Amino acid sequence: MAKITFIQHNGAEQTCDGSPGMSVMETAIKNMVPGIDADCGGACACATCHVYVEPEWVDKAGPRNPMEEDMLDFAFDVQDSSRLSCQIKVTDALDGLRVRVPAKQF
Amino acid sequence: MSDVITTDAVIIGAGPCGLFAVFELGLVDVKCHVVDILDRPGGQCAELYPEKPIYDIPALPIVTGAELTSRLLEQIKPFGAEFHYNQMVTELIKHGDNDFELKTDGGLVFRSKVVVIAAGGGSFQPKKPPIPGIDSYEGTSVFYSVKKMEAFRGRDVLIVGGGDSALDWTINLQPIAKSMTLLHRRDDFRAAPDSVKKMRELVAEGKMQFRLGQVTGLKGEAGVLSAATVKGNDGATFDIATNTMLPFFGLTMKLGPVAEWGLNLHENLVPVDTAKFETSTPGVFAIGDINTYPGKLKLILSGFHEAALMAQQAFKYKNPGERLLFQYTTSSSSLQKKLGVN
């Protein structure tokens, strides 16, 4: 189990248990975290599971893959810490991961 | 006035469920026209995940969205359904029992006995970036598609995005625009390499500008844009003077006009019964992702089942009082004749 904290635009925090192997997006959906729409269901085809990884976790979460980089063109306000949460696999090393949810997926 | 297309059934949506509905309706001799907002069949399979494998189609251990679509098209070929792409059904009017009129935004008019809504997550529409105040410029200075190129002649055009739409329109509108700027968040593009090369040539020739960054705000008055405020990749903010902005951020699914057809809705889905998959309006069916009922699963295979049961009732509407003989394609010579295999 890895604890993953989702921080809403208004500062509200929700910490969920992520199972290794699942994606951060799936963890959010399973726990009904608001603001993670995941329209395409995790196919890396829509950019509606966009999150900002908190600075201290950026390295551990790893770099974006090329498909994800392309898809982020469809997101709004892309920052250096932007990731698609369907492309971050939960691992024990990510226990404590903190990600911010944008004000709006679009 | 446009010619009215008269048919037994109009299917709204050419995704997998809409396509399979052609098959099931075809077996019971219900003739179909299929309308879709996209420029090709496949729905989400074509637009969202053409290359992604699907693992839960019975008897196809692995199939991509594009392959599934082409196999369905092959399967329904004997039934000669007619397809109308780039058309959004905007109006559904009931004139009487099993007498419906449908109109599209492209000016098509249908008259049919039954209507099958197989619209998935709704219609694919351009994504509108959540830039504060963008609404007040839509239609005057901000456009999400190009309907007539001439409308952009002599304008200071800013195109935002890095896909094929962004690059194609940059290249096509550059000769007629007063000025052309392409803005993208990175110096890599999803668009075809050839288009990117052309764009870079235009930049090298001094005919247009390419800037890196993302739009954060808009400046203007009374619906007329004067500049877009952009955050550059170095974090600095600058303005790009423009009176015409075209953001190309891909497509998203919106329920769209379905909400205005007088059908009962539940959380943007269309409730149906599970015997006929009919909506609150007799003769109007809903199958696939767009419907809801107790236990509903948004699976392609569920939509196939729904299409089969829907077709039974559609037959009854087309042939009141007639009994439908249940037959198997393996053994029925009449079904095999329809399929062209006998």
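Residues numbered from 1 in each chain as written. Chains lettered and ligands numbered in written order. Predicted model: local features only at pLDDT ≥ 70, side-chain atom pairs only at ≥ 80, totals over all residues. Heavy atoms only, no water.

1. Some thoughts on the sheet that holds strand β10 (residues 156-160) of chain B
Residues and elements named next belong to chain B.
Moving on, step 1. On the basis of which strands lie adjacent, the open sheet formed by 4 strands has the order β12-β11-β10-β16 and parallel pairing. This sheet does not close on itself; its edge strands, each paired only once, are β12 (209-212) and β16 (244-247). Going from strand to strand, the sheet's axes swing by 20° on average, the running direction of each strand aside.
Moving on, step 2. Bridge analysis of β10 against strand β11 (residues 179-184) gives 5 bridges, and the strand direction is parallel. From the neighbouring strand, Asp156 faces β11, where its bridge partner is Ser179. (Pairing = 2+ DSSP bridges. Helix = DSSP H or I, 4+ residues; strand = E, 2+ residues; numbered from the N terminus. Axes fitted to C-alpha atoms, helices over the stretch in contact; angles between N-to-C directions.)

2. Quick word on the pairing of strand β14 (residues 224-231) of chain B
Residue and element names in this part refer to chain B.
Moving on, step 1. Inspection of the sheet shows strand β13 (residues 214-221) paired to β14 by 7 bridges, in the antiparallel sense. Counted as the bridge partner of Glu221 is Val224 from β14.
Moving on, step 2. The antiparallel hairpin formed by β13 and β14 contains 2 residues in its connecting segment, where Ala222 sits at a positive phi of about 50°.
Moving on, step 3. What sits between the antiparallel neighbours β14 and strand β15 (residues 237-241) is a turn of 5 residues, in which Gly235 has the positive phi angle 90°.

3. Description of the confidence of the model for chain A
Moving on, step 1. Confidence in the prediction for chain A averages 93 pLDDT; 100% of positions are at 70 or higher.
Moving on, step 2. In the model of chain A, helix α3 (residues 66-71) of chain A stands out as the element of lowest mean pLDDT, 93, in contrast to strand β5 (residues 97-100) of chain A, which has the highest, 98. (pLDDT = per-residue confidence, 0-100.)

4. A short note on the packing of helix α4 (residues 164-173) of chain B against helix α5 (residues 193-204) of chain B
Residue and element names in this part refer to chain B.
Moving on, step 1. Interhelical geometry of α4 versus α5 gives an angle of 40° and a closest axis separation of 9 Å. As the angle between them shows, α4 and α5 are arranged oblique. Where α4 crosses over α5, the two elements pack in a sense that is left-handed. Contacts between α4 and α5 involve Leu167, Asp168, Thr170 and Ile171 from the former and Ser195, Val196, Lys198, Met199 and Leu202 from the latter.
Moving on, step 2. Taken together, the residues of the contact of α4 with α5 break down into 5 nonpolar, 2 polar and 2 charged. (Parallel < 35°, antiparallel > 145°, perpendicular 65-115°, else oblique. Left-handed = near helix turned anticlockwise from the far one by under 90°. Contact = heavy atoms within 4.5 Å. Nonpolar A, V, L, I, M, F, W, Y, C, P; charged D, E, K, R; others polar.)

5. Observations concerning the pairing of strand β2 (residues 32-35) of chain B
All names here are of chain B.
Moving on, step 1. Burial along β2 is two-sided: Cys32 and Val34 and His33 and Val35, pointing in opposite directions, are all buried.
Moving on, step 2. As paired elements, strand β1 (residues 4-12) and β2 share 4 bridges and run parallel to each other. Of the residues in β2, the one forming a bridge with Ile12 is Val35.
Moving on, step 3. The β-α-β motif built from β1, the intervening helix α1 (residues 16-27) and the parallel element β2 has right-handed crossover chirality.
Moving on, step 4. In this structure, β2 lies alongside strand β5 (residues 82-84), joined through 3 bridges in parallel fashion. Note on β5: the bridge partner recorded for Val35 is His84. (Buried < 20%, exposed > 50% of the residue type's maximum accessible area, 1.4 Å probe, protein only. Right-handed = clockwise from strand over helix to strand, strands pointing away.)

6. A few points about the state of the cysteines
Put plainly, a disulfide is one covalent bond tying together the sulfur atoms of two cysteines.
Residues and elements named next belong to chain B.
Moving on, step 1. As enumerated under the stated definition, the model contains 0 disulfides over all chains in all.
Moving on, step 2. Looking at the unpaired Cys17, the closest cysteine sulfur is the one in Cys45, lying at 8.8 Å.
Moving on, step 3. The class for Cys17 is buried, based on a relative accessible area of 11%. (Disulfide = S-S within 2.5 Å.)

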